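Observations on the three-dimensional arrangement
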Amino acid sequence: MRRLFVPFRLTSKRVELDESYVHRLHRVLRLKAGDKLVLFDPAGEEWIAEIVTYRANLVVLQLVERQVALQEPTVSLTLFQGLPKGEKMDFIVQKATELGVNRIVPMMTRRTVVQLTPDRAKVRRARLERVAIAATEQCGGRQVPEIALPMSFYHAVQEAKDADIWLLFYESAELPLREALAHVSSPRRVAVMVGPEGGFDPEEVTLAQRHGAHLVSLGRRLLRTETAAVVAVALVLYELGALEV
């Protein structure tokens, strides 16, 4: 059954969606009156809904059956990702969403090539939000991860240090992931930090260590940033027993 995210709480049995949804449901997905789909909202509420009618600029649906609420995840993971070039960030957001990341923070580090004005940063975030929504619809998730505006490495450090455990993946690190996770019993809030192309500057690594980061290795192979992000998130969630299967 098709799944569709709506950016508001599902509190009324009658739902009206604007013309952008008309185009998608009617013209792209070819759904007609009487067809059913699944709607889910920012709070993770999920309903089976039936299309009642199409009008010129809106589609009317009726909520039919509320789906059973899923158990709350035991781990809340934030991915701090050094902003890469091109469309690599789209890929990272898509795969991190599929894996169940709660928040994604693009970082501007010393080795970040991409430079964003405030306006371009907002445009980039809006694009990544669309990627996250599409990935959540596709993978069966209920919670769309929050996409933060790009921030400096310094500000990312100030946020990451408040997590129960902060893992910075670094090519020169020697500490295995499992050993790093043994430092904290049943962490609830986890920060994972991955550098851009070229990795982290040594001074950034020193700053992170001073604020409590655990430097973690992904093995001997040098991975592309988009590969490292997906592998790091998957391994952390797996080791914590939080990777949904």
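Placed above this text is the structure.
Parameters at a glance
- Residues numbered from 1 in each chain as written.
- Predicted model: local features only at pLDDT ≥ 70, side-chain atom pairs only at ≥ 80, totals over all residues.
- Heavy atoms only, no water.
- Pairing = 2+ DSSP bridges.
- Helix = DSSP H or I, 4+ residues; strand = E, 2+ residues; numbered from the N terminus.
- Axes fitted to C-alpha atoms, helices over the stretch in contact; angles between N-to-C directions.
- Contact = heavy atoms within 4.5 Å.
- Salt bridge = Lys/Arg side-chain N within 4 Å of Asp/Glu carboxyl O.
- Buried < 20%, exposed > 50% of the residue type's maximum accessible area, 1.4 Å probe, protein only.
- Phe/Tyr/Trp six-rings, centres within 6.5 Å; stacked < 30°, edge-to-face > 60°.
- Lys NZ or Arg CZ within 6 Å of the ring centre and 35° of its normal.
- Polar contact = N/O pair within 3.5 Å; in protein donor to acceptor, adjacent residues only side chain to side chain.

With that settled, the discussion passes to the sheet that holds strand β2 (residues 14-18). Sheet architecture is open: five strands sit in the order β1-β3-β4-β5-β2, paired in mixed fashion. At either end of the open sheet lies a strand with only one pairing partner, and these are β1 (3-5) and β2. With direction set aside, neighbouring strand axes in the sheet form an average angle of 40 degrees. Across seven bridges, strand β4 (residues 46-54) lies against strand β5 (residues 58-66) in antiparallel orientation. Counterpart to Ile-51 in the pairing with β5 is Leu-61. Docked against the sheet, helix α1 (residues 19-28) engages β1, β2, β3 (36-40), β4 and β5, running at close to 95 degrees with respect to β2. This element, helix α3 (residues 118-139), spans β1 and β3 of the sheet and lies at about 150 degrees to β1.

Tallied over the full model, the rule gives 18 salt bridges. Salt-bridge contacts for Arg-3 lead to Glu-46; the nearest nitrogen and oxygen are separated by 2.7 Å. Here Arg-3, found in strand β1, pairs with Glu-46, found in strand β4; they are 43 residues apart in sequence, far enough to count as distant. For Asp-164, the salt bridge identified is with Arg-189, shortest N-O distance 3.5 Å. In this pair, Asp-164 sits in the loop between α4 (153-160) and β10 (165-169) while Arg-189 sits in strand β11 (residues 189-194), placing the two residues 25 residues apart along the sequence.

Before going further, it helps to examine the pairing of β10. Counting buried positions along β10 gives five out of five residues, so the element sits mostly inside the fold. Along β10, one buried face is formed by Ile-165, Leu-167 and Phe-169 and the opposite face, lined by Trp-166 and Leu-168, is buried too. Bridge count between β10 and β11: four bridges; the pairing is parallel. Its bridge partner lying in β11, Leu-168 is registered against Met-193. Here three bridges tie β10 to strand β12 (residues 214-216), and the two strands are oriented parallel to one another. Bridging across to β12, Phe-169 finds its partner in Val-216.

What follows covers the environment of Ala-234. The topology assignment puts Ala-234 in helix α7 (residues 225-239). What makes Ala-234 partly exposed here is its relative accessible area of 21%. When the C-alpha positions of Ala-234 and Leu-99 are compared, they lie 6.7 Å apart, and in sequence the two are 135 residues distant. Ala-234 has contacts with Leu-99 and Leu-243, leaving out every residue within four places of it along the chain.

Bringing the environment of Ala-173 into the picture now. Topologically, Ala-173 is positioned in the loop between β10 and α5 (177-181). In sequence terms Ala-173 and His-214 are 41 residues apart; their C-alpha atoms lie 9.2 Å from each other. Once residues lying within four places of it in the same chain are set aside, the contact partners of Ala-173 are Leu-215, Val-216 and Ser-217.

This structure, assessed with the given rule, holds two aromatic pairs. Centre to centre, the rings of Phe-153 and Phe-200 are 5.8 Å apart; their planes meet at 55 degrees, and the pair counts as tilted. Residue Phe-153 is located in helix α4, and its partner Phe-200 is located in the loop between β11 and α6 (202-210); the two are separated by 47 residues in the primary sequence. Neither residue differs from the other here; Phe-153 and Phe-200 are each classed as buried. Here Arg-3 stacks its cationic end above the ring of Phe-40, 4.4 Å away from the centre of that ring.

Mapped onto the elements, Asp-35 comes out in the loop between α1 and β3. Using a relative accessible area of 19% as the deciding quantity, one classes Asp-35 as buried. Of note is the side chain of Asp-35, whose polar atom sits 2.8 Å from the backbone nitrogen of Lys-32. With near-sequence residues (within four places) excluded, Asp-35 lies in contact with Arg-30, Ala-49, Glu-50 and Ile-51.

On to unusual backbone geometry, then. Most peptide bonds take the trans form, and the phi angle of most residues other than glycine is negative. Phi at Arg-30 takes a positive value of approximately 60 degrees, unusual for a residue other than glycine. Although it is not a glycine, Ser-186 adopts a positive phi angle of roughly 50 degrees. Relative to the helices and strands, Ser-186 is located in the loop between α5 and β11.

Distances and angles like these do not, on their own, reveal function.
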